Amino acid sequence: MAMRIHTVPPSAALSDPGREHRATEPGVPLRCCLRKSLPGEPVWLFRYSPAHGKGPYSEVGPIFTHVECTGAPSHDRLPAALLNSPRVLRSYNAAGQIHDGEVVQPGSFDRAVDDLLTDPSIESLQVRSLSHGCFLFAVTRT
Ligand SMILES: [Zn+2]
């Protein structure tokens, strides 16, 4: 199934006056280029609300991006660098309400995403951290 991966640009940090600049914060998942940060890479930590949850299902949570991102993540393929741990896959309907949620194990993401996106009542997916619940990226059909 053709999918679109939705990343978060570093410019999104500018809308949070409480954003924090970290000169180095190795090992955090970057929502701009969908990999973990390396030592010495400056990052933003800020509040972010993913676009696909609406009304009461609109959530705000902490995310990291580079301060300046030079990465070029694939927008049509799942990012392997962030899927080597179990993740929560949360599905949303067209009204932006949660349809369902499930825990997906490494190696099973492609099939799980395919299965969910073939369901016409699902419009988007959010991939989240299992331990912290933090938003990582969103997936829709193309
Ligand atoms: Zn980046």
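Residues numbered from 1 in each chain as written. Predicted model: local features only at pLDDT ≥ 70, side-chain atom pairs only at ≥ 80, totals over all residues.

As recorded in an unreviewed UniProt entry, the protein goes by DUF1203 domain-containing protein and comes from Lentzea xinjiangensis.

*Asks:* Looking at this structure, I do not really get the overall build of the protein. What am I missing?
*Replies:* Scanning the protein from terminus to terminus reveals one helix and 10 strands. The order of α-helices and β-strands along the protein, N terminus first, is β-β-β-β-β-β-β-β-α-β-β. Against the compact-globule benchmark of 14 Å for 142 residues, the protein has a radius of gyration of 15 Å, which places it among compact chains. Dimensions of the protein, computed from C-alpha atoms along their principal axes, come out at roughly 45 × 35 × 25 Å. Per-residue burial for the protein yields a buried fraction of 28% across its 142 residues. Partitioning the contacts of the protein with sequence separation of at least 6, the portion at a separation of at least 24 is 61%. (Helix = DSSP H or I, 4+ residues; strand = E, 2+ residues; numbered from the N terminus. Rg over C-alpha atoms; globule rule 2.2 N^0.38 Å. Buried ≥ 20, exposed ≤ 12 C-beta atoms within 10 Å, placed from the backbone. Contact = placed C-beta atoms within 7 Å.)

*Asks:* Please explain the environment of Cys-134 as it appears in this structure.
*Replies:* Here Cys-134 lies in the loop between strand 9 (124–129) and strand 10 (135–141). A tally of 17 C-beta atoms within 10 Å means that Cys-134 is categorised as partly exposed. Expressed as a C-alpha distance, the spacing of Cys-134 and Pro-29, which sit 105 residues apart in the sequence, is 10.0 Å. The contact partners of Cys-134, leaving out residues within four places of it in the chain, are Gly-61, Pro-62, Ile-63, Arg-128 and Ser-129.

*Asks:* What is the right way to read unusual backbone geometry from this model?
*Replies:* Glycine aside, the phi torsion of most residues is negative, and most peptide linkages are trans. A positive phi angle, close to 60°, is found at Leu-34, a residue other than glycine. By the element assignment, Leu-34 lies in the loop between strand 3 (29–30) and strand 4 (35–36). The exposure class of Leu-34 is buried, given the 23 C-beta atoms found within 10 Å.

*Asks:* I keep staring at the environment of Ser-121 and nothing clicks. Help me out?
*Replies:* Looking at the element boundaries, Ser-121 is found in the loop between helix 1 (109–117) and strand 9. Of the residues examined, Ser-121 has 9 C-beta atoms within 10 Å and is grouped as exposed. For the pair Ser-121 and Asn-93, spaced 28 residues apart in the sequence, the C-alpha separation amounts to 5.8 Å. Apart from residues lying up to four places away in sequence, Ser-121 is in contact with Asn-93 and His-99.

*Asks:* What is the right way to look at the domain arrangement of the protein in this model?
*Replies:* The extent of an interface is frequently quoted as the accessible surface area lost upon association of the parts. Along its sequence, the protein is carved into domain 1 (7–66) and domain 2 (80–141). Across the contact, 16 residues belong to domain 1 and 14 residues belong to domain 2. Of all the elements in the fold, those that place two or more residues in the side of domain 1 that touches domain 2 are strand 4 and strand 6 (61–66). Here the element with the most residues in the side of domain 1 that touches domain 2 is strand 6; it accounts for three residues. Residues belonging to the side of domain 1 that touches domain 2 are distributed by class as follows: seven nonpolar, five polar and four charged. (Domains from an automatic or database assignment. Nonpolar A, V, L, I, M, F, W, Y, C, P; charged D, E, K, R; others polar.)

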